[in-house]
Amino acid sequence: MSFSNVPCDDQQKAKIIVNGVADQTMPAQEKFVVPVYPGWKKGWKKTKNLSLERFSEMEYTPFKPSAGEIHASINKQKLTNLPKSMTVHRFSVSVEDIIESICENAVIHRPDINDQASELVYYGQYACSLRRDTQQGELGYYKIMRGSSSIYMLAVKWSVKPFVIEAGKELPILKDKEIRKRVTRAEKYLRYDVKLCRGDSCT
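Residues numbered from 1 in each chain as written. Predicted model: local features only at pLDDT ≥ 70, side-chain atom pairs only at ≥ 80, totals over all residues. Heavy atoms only, no water.

**Notes on the overall build of the chain**
Then step 1. Across its full length, the chain holds two helices and 12 strands.
Then step 2. Reading the helices (α) and strands (β) of the chain from amino to carboxyl end gives β-β-β-β-β-β-α-β-β-β-β-α-β-β.
Then step 3. Per-residue burial for the chain yields a buried fraction of 46% across its 203 residues.
Then step 4. Nonlocal contacts in the chain, meaning residues at least 24 apart in sequence, comprise 59% of its contacts between residues at least 6 apart. (Helix = DSSP H or I, 4+ residues; strand = E, 2+ residues; numbered from the N terminus. Buried < 20%, exposed > 50% of the residue type's maximum accessible area, 1.4 Å probe, protein only. Contact = heavy atoms within 4.5 Å.)

So this is what it looks like as structure tokens:
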């Protein structure tokens, strides 16, 4: 998923911390902390690195994945120079629109964790019955964070076999114990490990 940005006059540099390495593309007072995903025991490798003037996107996949990790990926995005009116909730609507556009059918869920989050953080979860580009189903959990003039998003995703979504019925795929374990791991990772820090304060 990729997103366009809304320009404004406030341009600042940013710093992204990934595995202890700083990327000098963020405001100096902000740090985007993205540790190696705990579900990938052998670490990860970068498979996509797109850098434009006001948008960057990176994709990671597990290094030497086990059978259960083969179809997993992590997508990291940053949009800069955004007006203050672009809140995480407003941005989440754009994310949801894109999910619906690339999926034959999709269920988008607002986790209860949002009730405890600040106004600068938003969590989302989705189930895509069939992606039109890959012809595979997809499950995802993402976190959106608002910086001084930027939006940061990290999504943990899994490709699965296509499935059917029936209105009013629980998705059978979410009853699978292994899938539920992956979703729980992703939620904990996004909640406790992935952070946007300003000084001594992190969200």
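**Brief notes about the sheet that holds strand 8 (residues 121-128)**
Then step 1. The strand order across the open sheet formed by seven strands is 4-5-6-10-9-8-7, and the pairing between neighbours is antiparallel. Looking at which strands have only one partner, the edges of the open sheet turn out to be strand 4 (44-51) and strand 7 (106-109). The sheet shows a mean angle of 15° between the axes of neighbouring strands, taken without regard to direction.
Then step 2. Two elements, strand 8 and strand 9 (residues 137-146), share eight bridges in a ladder whose sense is antiparallel. What sits directly across from C128, in strand 9, is E138.
Then step 3. On top of the sheet, helix 2 (residues 177-193) reaches strand 4, strand 6 (72-79), strand 8, strand 9 and strand 10 (151-160); it is set at about 170° to strand 10, its chief contact. (Pairing = 2+ DSSP bridges. Axes fitted to C-alpha atoms, helices over the stretch in contact; angles between N-to-C directions.)

**Topic: the nonpolar core**
Then step 1. Among the nonpolar cores identified, the biggest contains 32 residues, and I74 and Y189 are the most heavily contacted of them.
Then step 2. Setting aside its immediate chain neighbours within four residues, I74 contacts Y37, W40, W44, M58, E59, Y60, L154, A155, V156 and Y189.
Then step 3. Counting residues in each nonpolar core, the second largest holds 19 residues, with L79, L82, I99 and A155 among its members. (Core = buried A, V, L, I, M, F, W, Y, C linked by side-chain atoms within 4.5 Å.)

**Quick notes on helix 2**
Then step 1. For helix 2, which comprises 17 residues, the first-to-last C-alpha distance of 23 Å matches the rise-based estimate of 24 Å (1.5 Å per residue) to within 8%.
Then step 2. All of the buried residues in helix 2 are I179, R182, V183, A186, Y189 and L190. Down the axis of helix 2, the buried side of the element spans an arc of 125°, and every buried residue falls inside it. Across from the buried face of helix 2, at angles greater than 90 degrees, the exposed residues are K177 and K188.
Then step 3. Turning to helix 2, the residues buried within the fold contact strand 3 (30-34), strand 4, strand 6, strand 8, strand 9 and strand 10. (Expected span 1.5 Å × (residues − 1). Arc of directions from axis to C-beta.)

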